[in-house]
Amino acid sequence: MDVLEYPLIAFLIILCFTYWYFKNTRAKSSSMPLPTNWPLVGMLPGLVQNAHRVHAFFTDILLETSGNFEFRGPVFANMDMLITSDPANIHHILSKKFSNYPRGPEFSKIFEILGNGIFNVDFELWEIHRRTTMSLMNHTKFQFLLQRNVWDVIENKLRPILDVFAEQGTLFDLQDIFQRFTFDTISKLLLDHDPKSLSINLPHVPCEKAFNHAVDAVLYRHVFPKSYWKLQKWLRIGKEKNLIKAWETFDQFLYPLISQRQEKLSNKIIKDEDHDFDLFSDYIKAYNQWTKEDNNNNSNLGSVQDFLRDTFLSLMLAGKDTASANLTWLFWLVAKNPFVESKIREEIQQQLQLKKDENAKLFNIEETRELVYLHGALCEALRLFPPIAIEHRAPIELDVLPSGHRVSPNTKILLPFYTMGRMETVWGKDCLEFKPERWISNQGKIKHEPSYKFPAFLAGPRTCIGKEMAFIQMKMVAATIIYNYHIQLVEPQAISPTPTVLIRIPNGLKVRLVKRVNPL
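- Under an unreviewed UniProt entry, the name given to the chain is Cytochrome P450, and the source organism is Datura stramonium.

1. Considering the packing of aromatic side chains
- Evaluated as defined, the whole model comprises 18 aromatic pairs.
- Taking the centre distance of 3.8 Å and the plane angle of 5° together, the rings of tryptophan 329 and phenylalanine 385 count as stacked. One end of the pair, tryptophan 329, is in helix 13 (residues 304–336); the other, phenylalanine 385, is in the loop between helix 16 (372–384) and strand 4 (390–393), and 56 residues separate them in sequence. Of the two residues, tryptophan 329 and phenylalanine 385, neither departs from the other in class, the shared state being buried.

2. Things to note about the pairing of strand 4
- In strand 4, alternate side chains face the same way, and those of Ile390 and His392 on one face and Glu391 and Arg393 on the other are all buried.
- Direction of pairing for strand 4 relative to strand 7 (residues 412–416): antiparallel, over a ladder of 4 bridges. The residue bridging arginine 393 from the neighbouring strand is isoleucine 413, located in strand 7.

3. Some words on the environment of valine 41
- Structurally, valine 41 is set in the loop between helix 1 (7–29) and helix 2 (44–49).
- Sequence spacing of valine 41 and proline 74 is 33 residues, and the spatial spacing of their C-alpha atoms is 3.9 Å.

4. Concerning helix 11 (residues 238–266)
- Helix length check: helix 11, at 29 residues, gives a terminal C-alpha distance of 43 Å against a target of 42 Å (1.5 Å per residue), a fit within 8%.
- Buried residues of helix 11: Glu240, Leu243, Ile244, Ala246, Thr249, Phe250, Phe253, Leu254, Leu257, Ile258 and Arg261, and no others.
- Looking at the packing, one finds that the buried side of helix 11 touches helix 8 (174–191), helix 9 (206–223), helix 10 (226–235), helix 12 (279–293) and helix 13.

Scoring rules and cut-offs
- Residues numbered from 1 in each chain as written.
- Predicted model: local features only at pLDDT ≥ 70, side-chain atom pairs only at ≥ 80, totals over all residues.
- Heavy atoms only, no water.
- Phe/Tyr/Trp six-rings, centres within 6.5 Å; stacked < 30°, edge-to-face > 60°.
- Helix = DSSP H or I, 4+ residues; strand = E, 2+ residues; numbered from the N terminus.
- Buried < 20%, exposed > 50% of the residue type's maximum accessible area, 1.4 Å probe, protein only.
- Pairing = 2+ DSSP bridges.
- Expected span 1.5 Å × (residues − 1).
- Contact = heavy atoms within 4.5 Å.

See below:
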């Protein structure tokens, strides 16, 4: 009998053993950094016990084992894993032997909510996605729309709200503000729709909040037995219940907007200047190209509406949560380091040629590239708190990693990017310090670090194609706030990364603002 066919039995075994484990050994666990490999259930009890701090748990283990650890799961669950933060292994998997380490069917199951979007597919379909998206992002019209949309949201939404909070001394969640900002910006950019989540009354917009529920569930699919989360899905309980609701919310938001846009295209209700640049038209062409080439229909793309839904949901996830997470961690780190805050303000005044009593003005994309110290601060936040904290791969064929580990097609490999930023062997003895100077050369230019050392935007062929767009948006927002306001952290508040693939602060970042009437 294959226990995987009976997830309830597997779950009950795990539950009973874990209860016994907590009751009898929890007092001793603090002195044992490495999880015990128990008969039958493997190291799963240790993982369950540390699920609430999984990124710190992996970091503790990898620092103890020089960056590589073979995790043994229950004998019936097929969840043995190699956890590696070895830069040589990262380079091998994501770049050198990229073709042997596709996302694969297991990854697609974990991220099934993204369907056939760019992050969830491999090979030819991924290449079509990437080629289409890169062509659009490199278009002059896209750069113009990005700059216009970001400044429109900053000037007409963000700053008025922050001014009110500053005048009233209101305590608010800065993380929530950033999530609303990026959601409204990416929705307008991709779908030409303003969901108005960033409004003075901070309305509840279901789709904006659904992203948090979705990413919360995905990490559990990464590290827990498939039988465990499939049981939750079948019973519609726990994380899977929230994921199901998020899925429904995304569909209710996206499909009507897609239909409206298709109707405009079919009726040719489109401005003349948009003929050479239209997101919908280009992605529809990509869909038609793929369905024509894929004669066997192996990818099951579904209808063109389904394809557009998957495409835009993937791009929204990338454009919303990664930027908002990085901005949140940046402002927490800056607030804890007043010297860095002062240096960023000095740079903004000098590079944008501001007078001492002048507020930060609108600046263009080219001017963002002059904010080198701010760029370094953003990179430091990304190093210490990479938005995508963990990646998952499995080889197609038997391989030997640079570390000497043999990996078979059944081997799940976890790449904890959160841990990499905390490795003394990679970043030096000051690896836990927030030092924007780390990213600036002796000539005052931005210092490049290889992606296998700094994989915040992944590495190799799958390097994030929205990297430049993200930096532009984050610099515009960060410069506006840091120059015009002083942020006061509300103490005490517990700050730690959520146990999710895309990390954020569990209860938000509570702050007060003081408006700087005479900057510098």
